[in-house]
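Structure at a glance
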Amino acid sequence: MTVPDARPRVLFAGTPGVAVPSLDALSAAGFDIVAVLTREDAPVGRKKIMTASPVARRAAELGLHVIKANRLDDPAVSAIAEAAPDVAAIVAYGGLVPEEALALPAHGWINLHFSLLPQWRGAAPVQHAVINGDDMTGASTFLLEKGLDTGPVYGTLTESIRPEDTSGELLERLSLSGATLLAQTLSAVLAGKAVAVPQAGRPTAAPKLGLEDGHIDWNQPALAIRRRINGVTPEPGAWTTLAGQRFKLGPVTLRQDRRDLAPGQVLPTSGGSASALVGTGSCAIQLGQVQPAGKKMMAAADWARGLGQREDVRFE
């Protein structure tokens, strides 16, 4: 892959850590990144310390001009216009791009989206793919237009979803391979060699997940529960309630050999595989990491040890 000799001017837009590999890839490929658009500093942690986004921090390390805006209002659009980009690359920026901003770069805005469009259009494509039990996902580069992830596609790559994959692990892999795809797409677009193909097939929606999407229903089959836990890990996180308090859950394993527990019933286990089993609508699941209310995440074996031989513990 080579960048055209004219050194076209590129605006990069992105916010979370998964967008950083793309910024790095474009920088390493020699693109002239004239500005980086990212969301404003936000409170982080229990102390709510105002913190710059991962993309903003990386852009500062690279010595790039940063535009911080949660929405592309007139001042933000004016800042983009002043940067005069020939093309814009966008990866999980976290805000809508209005028509007046879409029209600024001559070559448009090229979006890297972590799905095989038109599957899983929206803010949480990887999470929905894992929860749905898809065997395959991928990434797509497409021309951004007014509709939600509806533009014609330049390129795609595929990635298998492993049974044990959390959305965080899968997204990390896609962020690395997708960064290469984005750099290749920009190079082809600027060289006049890219062909955008209209999306074909039945679209599926992947709206942003909220806290309630991580609430586990123990009447569901064990496989569906494992997929949901994996899909909401690390965000927004899986949880249940114990004695009326939220109890957070990490990834679990299936125990096909145990079908004697009622949904939500907790059974501590001992020996070499000390942990805790929980009944579901099918077989039991074995807990991995847990976080009781007011405590840090810990091994389920450590938590279960405190239960002794109690058989009256039940998740709600």
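What comes next concerns the included structure. (Residues numbered from 1 in each chain as written. Predicted model: local features only at pLDDT ≥ 70, side-chain atom pairs only at ≥ 80, totals over all residues. Heavy atoms only, no water.)

So, about the sheet that holds strand β12 (residues 253–255). The strand order across the open sheet built from four strands is β12-β15-β14-β13, with neighbouring strands paired in antiparallel fashion. The sheet is open, and its two edges are formed by β12 and β13 (266–269), each paired on a single side. Taking the axes of each pair of neighbouring strands and ignoring which way they run, one obtains an average angle of 30° across the sheet. In the sheet, β13 pairs with strand β14 (residues 275–278) via four bridges, with the strands oriented antiparallel. Bridge pairing in β14 links L267 to L277. (Pairing = 2+ DSSP bridges. Helix = DSSP H or I, 4+ residues; strand = E, 2+ residues; numbered from the N terminus. Axes fitted to C-alpha atoms, helices over the stretch in contact; angles between N-to-C directions.)

Across its 24 residues, helix α6 (residues 167–190) extends 33 Å between first and last C-alpha, which sits within 8% of the 34 Å expected from 1.5 Å per residue. Positive phi shows up at G192, right after α6, with a value of about 75°. (Expected span 1.5 Å × (residues − 1).)

The buried count for strand β2 (residues 32–38) comes to six of seven residues, which makes it a mostly enclosed element. In terms of strand pairing, strand β1 (residues 9–14) meets β2 through five bridges, oriented parallel. For V10, the partnering residue across the bridge sits in β2 and is I33. As a crossover connection, the stretch from β1 through helix α1 (residues 20–28) into β2 is right-handed. (Buried < 20%, exposed > 50% of the residue type's maximum accessible area, 1.4 Å probe, protein only. Right-handed = clockwise from strand over helix to strand, strands pointing away.)

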